[in-house]
Structures are given as structure tokens and as C-alpha cells.
Amino acid sequence: MTGQAEDTKSQPTLLSSKLLLQHQAVEAALNRHVFVWKEIEKSQKRGISKTPRSHAVPVSEIVAIHHAEDEDHTKSKWDQKKKQQFSQLFPNSFTVFYVTRTKHHRWRCSEATFSCSSPELCEQWIQVTREQLSLLTNRPKRLLVYINPFGGKKRGRRIYEDKVAPVFQRAGVSADVIVTERANHARDHLTTEANLDQYDGVVCVGGDGMFSEILHGLVARTQNDNKVDQNRPDVELKPCMLRIGIIPAGSTDCICFATVGTNDPVTSALHIIIGDSQPMDVCSVHHNDVFLRYSVSLLGYGFYGDVLADSEKKRWLGPARYDLSGVKAFLCHNHYKGTVSFLPAEDNLGHPRDKLQCRFGCSICQHKQSSKEKLRETADEETAAEVSSSSSWKVICGKFIAINAANMSCACPRSPKGLSPSAHLADGTADLILVRKCSRLDFFRHLLRHTNTDDQFDHSFVEVHRVKKFHFEPLDPQPLLLENQSELPKKPGFCPMSSAQTTCIPSTAHSSWNCDGEILNHAAIQVSVHCQLIRLFARGIEEQQRV
Ligand SMILES: CCCCCCCCCCCCC/C=C/[C@@H](O)[C@H](CO)NC(=O)CCCCCCCCCCCCCCC
Ligand SMILES: Nc1ncnc2c1ncn2[C@@H]1O[C@H](COP(=O)(O)OP(=O)(O)OP(=O)(O)O)[C@@H](O)[C@H]1O
Ligand SMILES: [Ca+2]
């Protein structure tokens, strides 16, 4: 039995009785925190006595409780029929649906059906359990769902209808669904139209691009409602009240993977139902005094900018476009001149190479949360100014193959540990990775380390800093105009001081920024990390799986 089951002893029991679980007599008990059932001593069979098994489910992980005969839309016709037959044999039965953990951080909705000795007892179990569930105020009741029908392998709608909607229905979560009709439909609807008062959360069904739409819509709406000007690079943004759920149906699903540990629609649906909450940092990106975009995962100039710029022309290839463009960018082996200046984070926020990974209940992110709250409570602006000026700006000038700012690990199926394995989801910092000009073989070694256990920062040409803000200036801020304009590359991605004089055209010495999978129009940018600006229906990656 788990530690939580031990809790039954210290908490007053709300209900306990003998029940039948698949012909096996059990002693079941419910208190505020846990529902436990224990087999009543089994009769000795052929002289072998079996140890009675017991099971404990935290109330916070109970999805729902229903009469066993209730219709269940998650079941096939065959299973429905079997259920009906069972209900005829055992009329006073109820089914408890609860979270179970399987391999690779996947969650599933399991069920156990208990038969009672009377209809009154059955009603009592259902009522008392539902009362306990209603006390869990963090659970959403009504959601606004946006589905991108064209994301990833174009299976968003099917994924939602087949895997997610039935589980929401079982849990009594209602959803207003909007299938998007164009890019930025979800963003615009959230920013100006949606009546958000009636919802407990917003869910996107799609990839990182779709998440980015929800992020931009929700953050813009919150700032507009609070009269905060997003164009001011130094402004303190208002945190968003509604949580965001991600049902993964995209090409990379990096944000889902790095906050849940897997890109599995049912797992995400269960995290939403039980009302998990994971705060997350958001980077604002400005060009001078003009707001460009927000980023939560990767801001990448050079290699990842070039990969993205090229991959946009190959959208028809689906998720494979990134691999093809990745190989192309690798072969081009471009490097770019520029100046990076950054404001380092305080020492107590760890270091990108300290091997302390951000996990469920991460102490670094929690510490940050409580100090942020304390600061808000005292409204002590002097202390705030002191904290933010505790370190000074550093400047690095050079030739870079890649400049990556990872606001979180960026773990994804392509790279399970991510671009910066020790980056934190909610610490108010990003890890700034500078990959200087090096040989193609060295860069290959560096890339390869994203897929194995070796340290990708352990190279002389790579440096990594934990930062709160950074600026980038390309060496030549004005794009160089060639005499013959037709010689200019169509996208800024493939260009410049290529050491591989293959198909790459020498030109402007500029790459472009990949901002969570969107190309930015400016190379010179100013970036600030806004600590815990949003919250997701997630809990971070769980350390040990209880299988
Ligand atoms: C030798 C194998 C090395 C493999 C190295 C893989 C490193 C992969 C790191 C992935 C980091 C993803 C960060 C997430 C960014 C998202 O906000 C964004 C939106 O979805 N996704 C992309 O921009 C999509 C970016 C996708 C980037 C894919 C890069 C693939 C590189 C392949 C290089 C192959 C060299 C082979 C030489 C023969
Ligand atoms: N109905 C629509 N028609 C066309 N584009 C759309 C529609 N709805 C959303 N989009 C856009 O499609 C883009 C890609 O969506 P999404 O992220 O879901 O899938 P993806 O293929 O995995 O892309 P990514 O690589 O960004 O994860 C998003 O930038 C979004 O703005
Ligand atoms: Ca962070």
C-alpha cells in the first residue's frame, strides 16, 4: 500500500463498508484524501493461502464515480452490452474511474466496479464520493477548446473526438469547441471576442504553433483588460488567470512533452480533468519599442532559425520537414556575426550545467513562486529593484553557428532531454546557449549529444548562461543590398558566411529568429523573461513512476 493509504488512519473515515469487486469481497473505505479497498482474507484454495491485496486511490486522482449501468461513451458497443449484462446481475453497483500511471509518464483512466448489498448503500457511496470531488475547487468545469484541423498529421479533430471528449464527458467537464478556420483564428477570438468569464480554462488541440496562438491571445487579452502596454519592453505584465491545456496533435509538441513528460492526448486530458497547475515563464521579444512575440520554448538564431525558415516551404511534408531542413542547414554550416548582451540570473537559481532537472514540485521554481508572492505582498519596490540589479550586463561579440535561448528544457521526442536539460519551467530565467563557429564535425558532435546522455555543453565552442534578459545585435544591422537583387536569398535563413560554399548564397550575414516555431521579422531583438506569467493544466515531469 502507498503512503497515501496510510493517511486513512489519520483522517476520519467518511464511509466504509463491505463491497464486492468482481466476486471478491473487499473492505472499502473513503476519507477526505483517499479511497482504499482491501480484499477480505481469501479462502484457502488447494491449501495455498493468498495474501489479500489492497489498493489506494488519492481522491485528487478520482476522475468520476457513476452508477455501473450509466451509459459510457468511451466504451465499444460490445463492452456496453457486457456492462448492461453485469448490471442486471448486480443491480446496486457503482464504478469508480481513476488515474493510473503507465510507462513513459503516460496516464490512463482505469475503473473498478463495486457491488453493494442495497440500493441505499450504492447511492451513499456515489453521493459521499461526489461531495468530496466537489470540494476539489481546482478542477475545471467548463472549457473553451480550439482545434486546429490541419496541425501535425491533420488528426486534431479525430484525436479530440475519439480520445478526449469521451473522458471529459465521463468527468462531467463541459466544453465549447471551436474548430479553427484559418491561422490566427484562435488568437483573434481569444483577444477580442471570447466571453472568458464563463470558462475555467482554455484548451488547444494542435502543436506548438497552436499553443502559441492561445498564449498570444490570452496574454494580449489580459494586458488589454488591465491597460498594460505590451510594446513597453520593461513593463511588468499581468499574469493570466485562465489555465491552458494542451492536447498534443502537432509536429513537435515540445511544450506538452516538456511539461507533462509525454505527448499523449489521454494523459493531457486527465491532467486537465484533475485540475493540475503548472506555472510557466514567458519571454517577451521586442525590436526597439515594438512588441514582436512571446516565446515559451525556444528562441533560436542561426541553425534553428535556418531550419525553420527552410521548413516553412516544405509544410506539405508534415513533421518530416524539420529533419530534411535540419540536414540541409547542417550541410550549409552557416555562421553569423553579432553581439549578445545578457543580464545573468542570481546564483541561487542554479546553473544550466548543474544537472538539477526541473521536475514535479521543483524546489527552484517553488522557491521562486514564494519569493515572488512575498515581494508582491510587501510591494517593496526598492527590494525588487535591488534584486533585479544584483548582477550586471555581460557582452559577448563573435561568430555564432547558433544562439539559442531555452526558457524550458525543450525536451521533445527528437531530443528527450532537450536543448537545455536543466532549464526550469517557472524560475524566471532562460538558458542562453552560444555555439561559436566550429568545424562541421564538431557541430555534429554537439548535435548528436542532444540525443544521448553526454553533456552537449561540454565543448570549447559552446557556452551557456542562465539569464533574465538578453539583447542581440547582428553585426551589420542594415541588410546588405547586392547589386543584383535577384541574387538575394528569398528567405533570410540561408545565406551568409557559409564555410560550405555549396548552394548557400553569400549575402547579408543575417539569419532569422525561430520564436517557438515562428519566424521573426527582425534580427535585432530585446528579450525579457516574465516569471510565471501563465499556468498550464500540467504538473511538470514526475520523477518516479508508480506503475
Ligand atoms: C545527429 C542527429 C542530431 C539530432 C539533433 C536533434 C536536436 C533537436 C532539438 C530539438 C529542439 C526543439 C526545440 C523546439 C522548438 C519548438 O519551439 C519549435 C516549434 O514546434 N520547433 C521547431 O522549431 C522545430 C525544430 C526542429 C529542429 C530539428 C533539427 C534536426 C537537426 C538534424 C540535424 C541532422 C544532422 C545530420 C548530419 C548528417
Ligand atoms: N484552420 C487553420 N488553417 C490553417 N492554419 C491554421 C489553422 N488553425 C491553426 N493554424 C495554424 O497552423 C500552424 C501549425 O499548427 P500546429 O502547431 O497545430 O501544428 P504543427 O504542424 O505541429 O506545427 P508546429 O511545428 O508549429 O508544432 C499554427 O501556427 C496555427 O497558427
Ligand atoms: Ca524558465
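Note that this is a predicted model, so its numbers are computed, not measured. (Residues numbered from 1 in each chain as written. Chains lettered and ligands numbered in written order. Predicted model: local features only at pLDDT ≥ 70, side-chain atom pairs only at ≥ 80, totals over all residues. Heavy atoms only, no water.)

K.L.:
How should the coordination of the calcium ion (ligand 3) be read in this particular structure?
P.N.:
A metal bound by six donors in octahedral fashion has ideal angles of 90 or 180 degrees, whereas one bound by four tetrahedral donors has an ideal angle of 109.5 degrees. Looking at the calcium ion (ligand 3), one finds its protein donor set to be Asp281 (OD), Asn407 (O), Asn407 (OD1), His424 (O), Asp427 (OD) and Thr429 (O), positioned 2.3 to 3.0 Å from the metal centre. In the primary sequence, the donor residues of the calcium ion (ligand 3) line up as D-x125-N-x16-H-x2-D-x1-T. The same class applies to histidine 424 as to aspartate 427, namely buried. (Donors = N, O, S within 2.8 Å, 3.2 Å for Na, K, Ca; no water. Buried < 20%, exposed > 50% of the residue type's maximum accessible area, 1.4 Å probe, protein only.)

K.L.:
I keep staring at the sheet that holds strand E3 (residues 34-39) and nothing clicks. Help me out?
P.N.:
Hydrogen bonding along the main chain pairs the strands of a sheet, whether they run parallel or antiparallel. Spatially, E4-E3-E2-E1-E7-E6-E5 is the arrangement adopted by the seven strands of the open sheet, whose pairing is antiparallel. With partners counted over all chains shown, the strands left at the sheet margins are strand E4 (54-58) and strand E5 (62-67), one partner each. Pairs of neighbouring strands in the sheet enclose a mean axial angle of 30°, with direction left out of account. As paired strands, E5 and strand E6 (residues 93-101) are joined by five bridges and run antiparallel to one another. Of the residues in E6, the one forming a bridge with histidine 66 is threonine 95. (Pairing = 2+ DSSP bridges. Helix = DSSP H or I, 4+ residues; strand = E, 2+ residues; numbered from the N terminus. Axes fitted to C-alpha atoms, helices over the stretch in contact; angles between N-to-C directions.)

K.L.:
I tried to follow the domain arrangement of the chain on my own but got confused; where do I start?
P.N.:
Put simply, an interface is often sized by how much accessible area is lost when its parts join up. Partitioning the chain into domains gives domain 1 (3-134) and domain 2 (142-536). Facing 18 residues of domain 1, the contacting portion of domain 2 comprises 16 residues. Both faces combined, the contact of domain 1 with domain 2 buries some 1,400 Å², and carbon together with sulfur accounts for 62% of it. When the buried area of domain 1 at its contact with domain 2 is split by residue, Val63, Thr74 and Trp107 rank highest and sum to 39% of it. Here domain 1 and domain 2 share three salt bridges between them. (Domains from an automatic or database assignment. Contact = heavy atoms within 4.5 Å. Buried area = accessible area lost by both parts, 1.4 Å probe. Salt bridge = Lys/Arg side-chain N within 4 Å of Asp/Glu carboxyl O.)

K.L.:
Would you explain the UniProt feature "domain: DAGKc" (unreviewed entry) in the chain in this entry?
P.N.:
Residues annotated in UniProt with the feature "domain: DAGKc" (unreviewed entry) correspond here to residues 138-289. Taken end to end, residues 138-289 has its terminal C-alpha atoms 38 Å apart, with 38% of it in helix and 22% in strand. (UniProt positions renumbered as here; feature names shortened; annotations may be inferred.)

K.L.:
How do you make sense of helix H10 (residues 321-332) when you look at a structure like this?
P.N.:
Since there are 3.6 residues in each turn of an α-helix, residues three or four apart along the chain are aligned in direction. Between the first and last C-alpha of H10 there are 16 Å, a value that for twelve residues agrees with the 16 Å anticipated at 1.5 Å per step. Looking at H10, one finds that the buried residues are Arg321, Tyr322, Ser325, Gly326, Ala329, Phe330 and Cys332. All buried residues of H10 project into a common sector of 160° when viewed along the axis, lining one side. Along its buried surface, H10 packs onto helix H9 (303-311) and helix H13 (440-448). Positive backbone phi, at 50°, marks histidine 333, one or two positions downstream of H10. (Expected span 1.5 Å × (residues − 1). Arc of directions from axis to C-beta.)

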